[in-house]
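The residues making up each chain are set out below.
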Amino acid sequence: MTTQQLTQQIQKKKSFLCIGLDVDLNKIPQHLLQEEDPIFAFNKAIIDATHHLCVAYKPNTAFYEAYGLKGWKALEKTINYINKNHPEIFTIADAKRGDIGNTSSMYAKAFFEDLAFDSVTVAPYMGKDSVEPFLAFENKHTILLALTSNQGAFDFQTKMIDEKEVYKHVLETSKTWQNSENLMYVVGATKAEFLADIRQIIPNSFLLVPGVGAQGGNLQDVCKYGMNDHVGLLINSSRGIIYASNQDDFAQAAAKKAEALQQEMKVILK
Ligand SMILES: O=C(O)c1cc(=O)[nH]c(=O)n1[C@@H]1O[C@H](COP(=O)(O)O)[C@@H](O)[C@H]1O
């Protein structure tokens, strides 16, 4: 999917919501555990109830890898289900990969070719040759961790090197890489006060913004400082939506939470 197509979807649905599919078998309704594939059964119900309210889904691969082969199968079924039934929805493999170039190429193949995701999250720490293999894929997007939502972001990302914060080096340097037009960036919703500075460096790039909901980030602040003239934001909420209820009504309860965020977005987009 191109960024233009993503922007069109945002305008059409009046939503820039990304729903995180972080499935934890301890948190889903217990009756689903009798299903052949409880993770997929949960995701299918959530997708069926929410696809009209969001423009992206983001399964975090940790929640699938934790269940071994069964988890990976559920991830494959989930991405295939979205691509088949809702091809207009942008998909993010939240895998936070990145390695020497030779290895990154294989990670890129895994998520872009085998699983056919539109994008993957990548750590910038190993530099240019670890990220460019992801960028080489046409119409696929590499979402680079810039300033993350967690407290540990202050351990390295905001430290100064040559009188500039490390996350600013990440933004500026990555712009010089080959196929950098395929880059998007992660900025945590809990770091909204940094967004004005970030937009000075990357005015046009899409930002994936997790941390609204369970982590306490605020949608209004993120939009105030992070939105550009084509919106340029994907706001993710995972636990705050998918675990709204652990009873039979879980999918409807998730849709209600998603709708509340979408309605807030609709007002902002006016
Ligand atoms: O790359 C991410 O998506 C990510 C980056 C970041 O800085 N913070 C962050 O929370 N995430 C992910 O976004 C999701 C947030 O989940 P909730 O806090 O449940 O909404 C999880 O899958 C995190 O791993």
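Rules behind the numbers
Residues numbered from 1 in each chain as written. Predicted model: local features only at pLDDT ≥ 70, side-chain atom pairs only at ≥ 80, totals over all residues. Helix = DSSP H or I, 4+ residues; strand = E, 2+ residues; numbered from the N terminus. Rg over C-alpha atoms; globule rule 2.2 N^0.38 Å. Contact = placed C-beta atoms within 7 Å. Core = buried A, V, L, I, M, F, W, Y, C linked by C-beta atoms within 7 Å. Buried ≥ 20, exposed ≤ 12 C-beta atoms within 10 Å, placed from the backbone. UniProt positions renumbered as here; feature names shortened; annotations may be inferred. Axes fitted to C-alpha atoms, helices over the stretch in contact; angles between N-to-C directions. Parallel < 35°, antiparallel > 145°, perpendicular 65-115°, else oblique. Left-handed = near helix turned anticlockwise from the far one by under 90°.

Description of the overall build of the protein
Counting secondary structure elements, the protein contains 12 helices and 10 strands. A compact globule built from 270 residues would reach a C-alpha radius of gyration of about 18 Å, and the protein, at 18 Å, matches this within 12%. Summarising its shape, the C-alpha atoms of the protein cover approximately 55 × 45 × 35 Å along the three principal directions. Sequence-distant contacts in the protein: of pairs separated by 6 or more residues, those separated by 24 or more amount to 71%.

What about the nonpolar core?
Grouped together as the largest cluster of nonpolar side chains are 82 residues, with contacts concentrated most on Leu17, Cys18, Leu144, Ala146, Tyr185 and Ile235. When residues of this core are assigned to their parent elements, the largest contribution, 7 residues, is made by helix α12 (residues 250-269).

Thoughts on the UniProt feature "domain: Orotidine 5'-phosphate decarboxylase" (unreviewed entry) in the protein
Mapped onto this numbering, the UniProt entry gives "domain: Orotidine 5'-phosphate decarboxylase" (unreviewed entry) at residues 16-254. Taken end to end, residues 16-254 is 39% helix and 18% strand, and its two terminal C-alpha atoms sit 16 Å from one another.

Description of the environment of Asp118
Here Asp118 shows up in the loop between α5 (101-114) and β4 (119-122). Measuring from C-alpha to C-alpha, the distance between Asp118 and Met1 comes to 6.3 Å, with 117 residues separating the pair along the chain. Sequence-distant contacts of Asp118, defined by excluding residues within four places in its chain, comprise Met1, Phe90, Thr91, Lys140 and His141.

Observations regarding the packing of helix α2 (residues 38-50) against helix α4 (residues 68-85)
Here α2 crosses α4 at 25°, and the two axes come no closer than 9 Å. With respect to α4, the axis of α2 lies roughly parallel. For α2 against α4, the interelement crossing comes out right-handed. Side by side, α2 and α4 meet where Ile39, Phe40, Asn43, Lys44 and Ile47 of the first sit next to Gly71, Ala74, Lys77, Thr78, Tyr81 and Ile82 of the second.

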